[in-house]
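Fold and geometry: a report
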Amino acid sequence: MRAVRGEDTLGEAHAALAAIDFMLDWDWPAAEAGYRKATVLAPGFALGHVMLAHVLSQTGRHGEADVPMRRSLELEPLSGLLLAMSSQVAFQARDFDAAAGHARRAILVDPEFWVGHMMHGQVCEQLGQHDAAIDALTTSARLSGSNSKPVSLRGFVLAKMGRTDEARDVLALLEGLSAERYVPPFAVALVHAGLGQDAEALQWLERACSVRDVHLIFLTADCKWDRFRGDSRFQALLSGCGLAR
């Protein structure tokens, strides 16, 4: 806010405010407006474009999201971060081939970037390439120091493969990690969702809502949660968090 007050034409500052609106306050109309202003004031700021695409993707406007996503990659075609984020945007549009392509390029640009491997793992799971998904997520977990995102996604994939004992081992691992550091409730919910334990998954999502877990922003568009969309409890959760709007 001080940056904006000091220089209202600073696009990067507007993008920073929009990030708070998007990920923390869950005020997506304000986030969209902020990112749009950022891309006008700082048209060469690639992160502003891809974040605008992310907001549009979360609200189901995948066709619109494609334009700023492509613009971000025109500006910085060798950014592993932008490629990985573009993979997520394409993934949520159910364009799995494009998502896989972005993820592979992210890994090519930076083989040590764990998010690129995670993006590759999640799209492999949707394409039915389960062994490749497990390999990618194992690599992602290793490179990230067992970040809860690839760890929980690996548990989800194991559960979907029918390897339930190993998926439960992931739940135990997350519980153990929580004694050392913060583990988002969303991570535990994802593994339960893979196991088909809907009541447990929803309970953990409700915990995530109570602590304003940033990962809840993915609920509106991520296909891993599609089978919950007709569930009144899931709909109530989105409404309670303010994400339904």
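Quick notes on the rules
- Residues numbered from 1 in each chain as written.
- Predicted model: local features only at pLDDT ≥ 70, side-chain atom pairs only at ≥ 80, totals over all residues.
- Heavy atoms only, no water.
- Helix = DSSP H or I, 4+ residues; strand = E, 2+ residues; numbered from the N terminus.
- Contact = heavy atoms within 4.5 Å.
- Axes fitted to C-alpha atoms, helices over the stretch in contact; angles between N-to-C directions.
- Parallel < 35°, antiparallel > 145°, perpendicular 65-115°, else oblique.
- Left-handed = near helix turned anticlockwise from the far one by under 90°.
- Expected span 1.5 Å × (residues − 1).
- Buried < 20%, exposed > 50% of the residue type's maximum accessible area, 1.4 Å probe, protein only.
- Arc of directions from axis to C-beta.
- Disulfide = S-S within 2.5 Å.
- Phe/Tyr/Trp six-rings, centres within 6.5 Å; stacked < 30°, edge-to-face > 60°.
- Lys NZ or Arg CZ within 6 Å of the ring centre and 35° of its normal.
- Salt bridge = Lys/Arg side-chain N within 4 Å of Asp/Glu carboxyl O.

Here the focus is the environment of R168. Looking at where R168 falls in the secondary structure, it is placed in helix α11 (residues 164–178). Along the backbone, R168 and D27 are 141 residues apart, and their C-alpha atoms lie at a distance of 35 Å. If we ignore the near neighbours within four places in the chain, the residues touching R168 are L195 and Q197.

Quick look at the packing of helix α5 (residues 62–75) against helix α6 (residues 80–92) now. Between α5 and α6, whose axes approach to 10 Å, the crossing angle comes to 165°. For the element pair α5 / α6, the angle class is roughly antiparallel. The hand of the α5/α6 crossing is left-handed. Touching H62, A65, M69, S72 and L73 of α5 are L82, L83, S86, V89, A90 and Q92, all from α6.

What follows deals with helix α13 (residues 198–210). With 13 residues, α13 should reach 18 Å at 1.5 Å per residue; the first-to-last C-alpha distance of 18 Å fits that figure. When we look at burial in α13, the residues that qualify are A201, L202, L205 and A208. Here the buried residues of α13 occupy an arc of 110° about the axis, which is enough to place them on one side. Along its buried surface, α13 packs onto α12 (185–194) and α14 (232–241). At the exit of α13 stands R212, carrying a positive phi of roughly 55°.

Another aspect to go through is the state of the cysteines. Across all of its chains, the model carries one disulfide by this definition. The structure places no disulfide on C124, whose sulfur is separated from the nearest cysteine sulfur, that of C223, by 13 Å. Residue classification places C124 among the buried positions, given a relative accessible area of 1%. The exposure class assigned to C223 is buried, which follows from its relative accessible area of 11%.

Turning our attention to the packing of helix α2 (residues 11–24) against helix α3 (residues 28–41). Where α2 contacts α3, the two axes come as close as 8 Å, and the packing angle between them is 165°. Compared by their axis directions, α2 and α3 come out roughly antiparallel. Relative to α3, α2 is oriented so that their crossing is left-handed. On the side of α2, the interface is formed by G11, H14, A15, A18, A19, D21 and F22, while α3 contributes W28, A30, A31, G34, Y35, K37, A38 and L41.

In this description, a pair of aromatic rings is defined by centroid distance and the angle of the planes. The tally for this structure, following the rule as stated, stands at five aromatic pairs. With 5.5 Å between their ring centres and 55° between their planes, F91 and F96 make a pair best called tilted. F96 matches F91 in its accessibility class, with the two residues each being buried. Through a chain of ring-to-ring contacts, three or more aromatic side chains come together here, namely F186, W225, F228 and F234. The side chain of R207 reaches across the aromatic face of W204, ending 4.0 Å from its centre. A cation over a ring is seen here: R212 above W26, with NZ or CZ 4.1 Å from the ring centre.

Further remarks concern the pattern of salt bridges. Enumeration according to the criterion identifies 14 salt bridges in this entry. Taking the shortest distance from any N to any O, the salt bridge between R61 and E32 comes out at 2.8 Å. A residue pair is termed long-range when its members are at least 10 positions apart, and R61 in the loop between α4 (46–58) and α5 and E32 in helix α3 qualify at 29 residues. Judged by its relative accessible area of 27%, R61 is partly exposed. Overall, the relative accessible area of 15% leaves E32 in the buried class. With its nearest N and O atoms 3.7 Å apart, the salt bridge here joins E64 to R36. Residue E64 is located in helix α5, and its partner R36 is located in helix α3; the two are separated by 28 residues in the primary sequence. Judged by relative accessible area, R36 falls into the partly exposed class, the value being 34%.

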